[in-house]
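These are the residues of each chain, in order.
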Amino acid sequence: MAQPLIDSIKNRSLKNKIFFSVTVVILLISVLIALFTRWILISTLTSELKLRGLGIGYSIAESCRSYLLTEDIPQLTSLIFDARLGARRELVGYVFIIDKQDRILAHTFIRDFPAQIATANRIDPEKDHRIQLMTMDNDKVYDVAVAVNEGIYRIGAVHVGLYKKHIDVLINKLRTTFLGFVSVVILFFFIISHHLAKTITRPIAKLTRVSDEISRGIFDIELKMENGLERSGDKDEVRQLSRSFINMTNRIKESQAKLKESDNKYRSLFASGPNPIFVLDRQSLNILSANPSAEETFGYTREELVGRLFTDLGPFELSADQLLTFSTQPTGRVTSVSSKVQYLKKNGEAIYVNVHACPVHFENKQALIVATTDISEMVEKDSQLIQASKMTTLGEMSAGIAHELNQPLNAIKMGSDFLEMMIEKEMPVTEQQLFQIVREVSSQVDRAEGIIRRLRDFGRKTDFTKEKIFINDPIISVLDIIGRQLRLQNIDVQLQLTENLPAILAHHNRMEQVIFNLLTNARDAINLKEESTLRNNQRTIVIRSYTDNDRVVVCVSDTGIGIDPTVKDQIFEAFFTTKKMGEGMGLGLSITNGIVEDYGGKIQIDSIEGRGTTFHLSFPMVP
Amino acid sequence: MKRSIIIILGVLTSMMMACTNTPEDPLSTILSPGITDDQVRVGSSLALGGHAGYLGTQTLHGALAYIQHVNDLGGIHGRRIHVKVYDDGYDPPRCVTNTQKLIIEDKVFALFCYVGTPTTVKILPLVDEARIPVVGMFTGANALREPHNRYVINVRASYYQETGAAVKHLVEELKLERIAVFYQYDAYGFDGLKGTEIALRPYGLVPVATGTYIRGTLDVAEGLRKIMAAGAEAVVMIGTYEPCAKFIRLASQKGFSPVFYNVSFVGADELARLLGDVDEKIIVTQVVPPPEVSETQQLWGAQEYIELLRRYYPADRPNFVSLEGYINAKVLVEGLKRAGRDLNRETFINSIESIHNLDLGIDNLLSFSASDHQGLERVYFTYLQDGKFVWRNH
């Protein structure tokens, strides 16, 4: 019963709540006051009634004494009828006088005397009055008995019957009056509370309406809010509320404008930026959005891009740290994911990009902003540079290589000369001799062909790709080309290669160039030392390969001049060279370093000036 | 919202309604005691002896003359009227006791033929409470007329009317201005005094002196002295025949001879008898015409009265007092007649109220209404002439 009522009140508007609570409180207070007043009235009136009854009783008792003694019935009757004259008749139900034998001497009934009341209320001998509530003809009556004494002895008693209903009538009258009054008060408060509730809630309803409008994006509220509130003073809470509401709205408006501005700015950056930018869903790596540059670069339309898996374009592999960061943080800093990775355009053409990612919120989703900077051109330039450097190296090596080629040619020449001489001398050439010469010529041709093939391989321009290679292979290839040359220069090349090393991700040709550069540098350093000291030094190059933890390491040590510590930090810079003008371009180590870094490798240099240098090249191993 | 307002108003209204219940009166059921198939019992308490015994006796005789006549003719609607009479000796307490006894023990249908102001006024509370009709009182007391009481049926003109007419006569025709009042020191006397004062006020006059006596005594000397000292030209006397006669005699002896004026209650015939042949100018206002005017100027009502009185009370001489009793009886009988066989106190009162311009043969039409419970209005002036009060139609 009560719960639905409470619920229904809870669901009422604020206005009705205020209204109801005020009304209920007023009703409760009214009822309490009514009950309290009634209680006071009844008790006061009852005691007042008894007092009046006693007063009447005593005065009759005083007046009737002589008539009682003479038993003058008419006088007694007249006396008690007089006691009921006028307004008292409403109050005094009856009066009767009894003598000491309880005989009824006089009474005011106009019907037979109701016998039961004669002795119903006897006065105690030592008292002079007694009051008792009794019932007479369905009426409650207070019977007030007062003793009539002559001297100290009782000669009779006066009984005055007081209608209890007299009080009830009074109380009824008062109650009616009071209720009327309370009703008027309630009505008054009713109207006031109604009005109050309306006054409070109307601005609130207005605020609500305005809030709704604001949520719909209508910010033009200032005039509307102030309408109707001018009448209330500055201290009025509702007005203060609406003021701060207006202030708030203004702030929202400002920040909205700022946001819009910033949004536009970033949108234009996003749209007109030169780099392809994608927005990816963080979980599925689906493309949510892409900028025009992305469309242009990858050759897809926007519609084709959105919804496509980003990994369709190219590899997107995150490190463990990045995975953790991206999965836990709603937004974060830009981090580099990978560089110089190959992505495919729509037409299958490969491009090289650097990938940067940044976790953000995008349209209520956990998203990633991924920028793929197209570095294909740079990679191409790198390749050209590397090629140029390689050609330079080849140029430098051309003398040695020519010498290398001369040897088979000489051998072939010797064979052909022998045959020519034998023919001129008409000396017979034995079958065995001929076979030996032919075999030698063939092997010398094979040898020359091998050299030429290696040269061609080496000189071929290569792409920036990665494949699994074993580090020992390029070392051996390079030594095939220039090993003899080094030995011709009295340089002792010692190979300490570990068999069955794990593979690394790199490119054979490029690694050849790295080794080539290191070996030529080592040779130069050894020659330079000899030139500067003019002594016969140890001329040794040691090439080692081994594994160190999860990395594959190649060491190239020489017994050359060493590196001046003051220039140690500069040796990887492009165009830095210690050689004489015209002898080197100063690109060797710079290119070497670039290639090594492209494959995730590191170069470490241990060098003691005048004693020699060791280059440690380490690459992550491929499991 | 509107619904809740209606609900709350409804609750308030019902709370108000709940408070206005009034208890039912248990007495309203007692309507018709004293009525049997062949009898209507009415009760009377009046002075049958003592200093007002003449008034009571004559009133009763007049009334009974008519009632016996009616009974002899078969009663009203088959019921004979039985009058239960108690003597109160013009003593108010006894009147109250008698009335209580009439109501409780004798269970009379109505009260009838009461005599005297102090006595009758005393029983008003009983009448009110018992709702018993009281018909035809030999008194003109204002207390029986105002406030209006449904159960009190007056027949005669009031003392106010009597004194009013008398004062008008004294002031306007006899050109007297020094008017004194001699009155019985009780409700009757006060009523007469008040009536006189009210009548004098429009002339800008007040009583020049007042003298009193105690009911049942003849101590009039002091009152007379005061009135003489004031040099009154007229004395309005509100008393009974004995003290008034003594007053007039004493005044006459002392050579004080103003105009003496008495109200009807004095008992004009007895006063005349007591005074004998005096030279004083004595006026008595009457509320009934003199029963015996002259052979030529006879009223048929008075004629009928004289005949019936002669039949039932041959010893009595026709007089104003018993004629009044006779007329009271006629009103009672007329009411009972009109109420019909299904008689009760309420229908009886309604019947009385229905009487309008009824000619009783006394040159004075009887009329009642719900708001007017006094049947006759006329005041008759009588003068003492040759030991007898004669009607002078001035």
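Residues numbered from 1 in each chain as written. Chains lettered and ligands numbered in written order. Predicted model: local features only at pLDDT ≥ 70, side-chain atom pairs only at ≥ 80, totals over all residues.

Peer 1: What is the right way to read the overall build of chain B from this model?
Peer 2: Counting its regular elements, chain B contains 12 helices and 14 strands. Counting over 394 residues, chain B shows a buried share of 52%. Here the analysis covers contacts within chain B between residues at least 6 apart in sequence; of these, 69% occur between residues at least 24 apart. (Helix = DSSP H or I, 4+ residues; strand = E, 2+ residues; numbered from the N terminus. Buried ≥ 20, exposed ≤ 12 C-beta atoms within 10 Å, placed from the backbone. Contact = placed C-beta atoms within 7 Å.)

Peer 1: When you look at the overall build of chain A in this model, what are you seeing that I'm missing?
Peer 2: Along the backbone of chain A there are 15 helices and 17 strands. Classification of the 623 residues of chain A by burial places 27% in the buried group. Expressed as a percentage of contacts within chain A between residues at least 6 apart in sequence, the contacts between residues at least 24 apart total 61%.

Peer 1: I tried to follow the sheet that holds strand 15 (residues 551-558) of chain A on my own but got confused; where do I start?
Peer 2: In any sheet, the strands associate via hydrogen bonds between backbone groups, in a parallel or an antiparallel arrangement. Residue and element names in this part refer to chain A. The strand order across the open sheet formed by 5 strands is 12-14-15-17-16, and the pairing between neighbours is mixed. Two strands close off the open sheet at either side, each with one partner strand: strand 12 (492-497) and strand 16 (602-608). Along the sheet, successive strands turn relative to each other by an average axial angle of 15°, direction set aside. Pairing analysis gives 7 bridges linking strand 16 to strand 17 (residues 612-620), with the strands arranged antiparallel. In the strand pairing of strand 17, S607 is matched with T613. (Pairing = 2+ DSSP bridges. Axes fitted to C-alpha atoms, helices over the stretch in contact; angles between N-to-C directions.)

Peer 1: Help me understand the confidence of the model for chain A in this model?
Peer 2: Note: predicted coordinates in regions of low pLDDT should not be interpreted at a detailed level. When pLDDT is averaged along chain A, the result is 82, and 95% of the positions lie at 70 or above. At the level of individual helices and strands, chain A shows its lowest average pLDDT in helix 6 (residues 222-226) of chain A, which scores 59, and its highest in strand 15 of chain A, which scores 91. (pLDDT = per-residue confidence, 0-100.)

Peer 1: In this structure, what is going on with the interface of chain A and chain B? I would like to understand it.
Peer 2: Interface size, as often reported, equals the accessible area lost upon joining of the parts. Taken residue by residue, the interface counts 24 residues in chain A and 23 residues in chain B. Sorting the residues of the side of chain A that touches chain B by element identifies helix 2 (14-70), helix 3 (73-83) and helix 5 (164-215) of chain A as the ones contributing at least two each. The greatest single-element share of the side of chain A that touches chain B, amounting to 8 residues, is contributed by helix 5 of chain A. Across the side of chain A that touches chain B, the residue classes break down as 9 nonpolar, 8 polar and 7 charged. (Nonpolar A, V, L, I, M, F, W, Y, C, P; charged D, E, K, R; others polar.)

Peer 1: Could you clarify how one ought to interpret the packing of helix 11 (residues 376-424) of chain A against helix 13 (residues 472-488) of chain A in this entry?
Peer 2: Each pair of packed helices can be summarised by the angle the axes make with each other and by the distance between the axes. Residues and elements named next belong to chain A. For the pair helix 11 and helix 13, the least separation of the axes is 9 Å and the interaxial angle reads 90°. In terms of their interaxial angle, helix 11 and helix 13 are classed as roughly perpendicular. Of helix 13, the residues touching helix 11 (which contributes M397, G400 and E404) are I482, R484 and Q485. A per-class count over the contact of helix 11 with helix 13 returns 2 nonpolar, 2 polar and 2 charged. (Parallel < 35°, antiparallel > 145°, perpendicular 65-115°, else oblique.)

Peer 1: Can you help me understand the sheet that holds strand 13 (residues 380-384) of chain B in this one?
Peer 2: Residues and elements named next belong to chain B. The strand order across the open sheet built from 7 strands is 7-6-8-9-10-13-14, with neighbouring strands paired in mixed fashion. Strand pairing shows two members of the sheet lacking a second neighbour, strand 7 (210-213) and strand 14 (389-391), which therefore form its edges. Averaged over all pairs of adjacent strands, the angle between their axes in this sheet comes to 25°, without regard to strand direction. The pairing of strand 10 (residues 282-286) with strand 13 spans 4 bridges and is classified as antiparallel.

Peer 1: Looking at this model, I keep getting lost on unusual backbone geometry. Mind explaining?
Peer 2: A negative phi angle characterises most non-glycine residues, just as the trans form characterises most peptide bonds. Residues and elements named next belong to chain B. Geometrically, the link from E146 to P147 is a cis peptide bond, its omega value of 0° lying close to zero. By secondary structure assignment, the location of P147 is in the loop between strand 4 (134-135) and strand 5 (152-153). Here the phi dihedral of Y90 falls at roughly 60°; this positive angle occurs in a residue that is not glycine. By the C-beta count within 10 Å, which is 27 here, Y90 ends up buried. One non-glycine residue, D363, adopts positive backbone phi at about 55°. Relative to the elements of secondary structure, D363 occurs in the loop between strand 11 (358-359) and strand 12 (365-366). Exposure remark for D363: the 16 C-beta atoms within 10 Å place this residue in the partly exposed category.

Peer 1: Would you mind going over the confidence of the model for chain B with me for this structure?
Peer 2: All names here are of chain B. When pLDDT is averaged along chain B, the result is 88, and 90% of the positions lie at 70 or above. Overall, residues 17-29 carries pLDDT values under 50, and its contacts beyond four positions in sequence, including any with other chains, amount to 8 contacts. On the interface metric, ipTM, the complex scores 0.77, and its pTM is 0.56.

Peer 1: Looking at this model, I keep getting lost on the nonpolar core. Mind explaining?
Peer 2: Note on soluble globular proteins: their nonpolar side chains tend to be buried together. Ranked by internal contacts, the top residues of the largest apolar core, which has 157 residues, are C64 and V158 of chain A together with A110, L111, V134, V235 and M237 of chain B. Ignoring sequence-local partners within four residues, the contact set of M237 of chain B consists of F182, C244, F247, F260, Y261, N262 and V266 of chain B. Within the second largest apolar cluster, 38 residues are counted, among which are I475, M511, I591 and F615 of chain A. (Core = buried A, V, L, I, M, F, W, Y, C linked by C-beta atoms within 7 Å.)

Peer 1: What is the right way to read helix 4 (residues 117-130) of chain B from this model?
Peer 2: Residues three or four positions apart in an α-helix share a direction because the helix packs 3.6 residues into each turn. Residues and elements named next belong to chain B. The terminal C-alpha atoms of helix 4, which comprises 14 residues, lie 20 Å apart, in line with the 20 Å expected from a rise of 1.5 Å per residue. If you look at helix 4, its biggest bend is around 35°, right at L124, and the proline P125 turns up within four residues after that. Most of helix 4 is tucked away: 11 of the 14 residues are buried. Residues of helix 4 that are buried: T117, P118, T119, T120, V121, K122, I123, P125, L126, V127 and A130. Directly beyond the C-terminal end of helix 4, a positive phi value near 50° is found at R131. (Expected span 1.5 Å × (residues − 1). Bend = angle between axes of the 7 residues up to and from the residue.)

Peer 1: Explanation requested: the pairing of strand 5 (residues 153-163) of chain A in the structure shown.
Peer 2: When a strand is regular, its side chains alternate between the sheet's two faces. Residues and elements named next belong to chain A. Buried residues dominate strand 5, accounting for 8 of its 11 residues. In this structure, strand 1 (residues 92-99) lies alongside strand 5, joined through 7 bridges in antiparallel fashion. Bridge assignment links F96 to a residue of strand 5, and that residue is H159. In terms of strand pairing, strand 4 (residues 139-150) meets strand 5 through 10 bridges, oriented antiparallel.

Peer 1: Please clarify how the environment of F182 of chain B should be interpreted in this entry.
Peer 2: All names here are of chain B. With respect to the element layout, F182 can be found in strand 6 (residues 179-184). On the basis of neighbour count, F182 is assigned to the buried category, with 32 C-beta atoms found within 10 Å. In the structure, F182 is positioned 78 residues away from F260 in sequence and 9.9 Å away in space, judged by C-alpha atoms. Not counting residues up to four positions away in its chain, the partners in contact with F182 are G211, G223, I227, V235, M237, G239 and F247.

Peer 1: I'm lost on the pairing of strand 7 of chain B in this one. Help?
Peer 2: Residues and elements named next belong to chain B. Pairing of strand 6 with strand 7, which is carried by 4 bridges, proceeds in the parallel orientation. Among the inter-strand pairings, Q184 is bridged to a residue of strand 7, identified as Y213. Crossover strand 6 to strand 7 through helix 6 (residues 187-200) is right-handed. (Right-handed = clockwise from strand over helix to strand, strands pointing away.)

Peer 1: When you look at the environment of W391 of chain B in this model, what are you seeing that I'm missing?
Peer 2: Position of W391 of chain B relative to the elements: it lies in strand 14. Residues W391 of chain B and Y380 of chain B, spaced 11 residues apart in sequence, show a C-alpha to C-alpha distance of 6.9 Å.

Peer 1: Help me understand the packing of helix 2 (residues 53-72) of chain B against helix 10 (residues 300-312) of chain B in this model?
Peer 2: Residue and element names in this part refer to chain B. Viewed as axis vectors pointing N to C, helix 2 and helix 10 meet at an angle of 85°, and their least axial separation amounts to 9 Å. Here helix 10 runs roughly perpendicular to helix 2, going by the angle between their axes. Within the contact between the two elements, helix 2 uses G62, L64, A65, Y66, Q68 and H69 and helix 10 uses L308, L309 and Y312. Classifying every residue of the contact of helix 2 with helix 10 gives 6 nonpolar, 3 polar and no charged.

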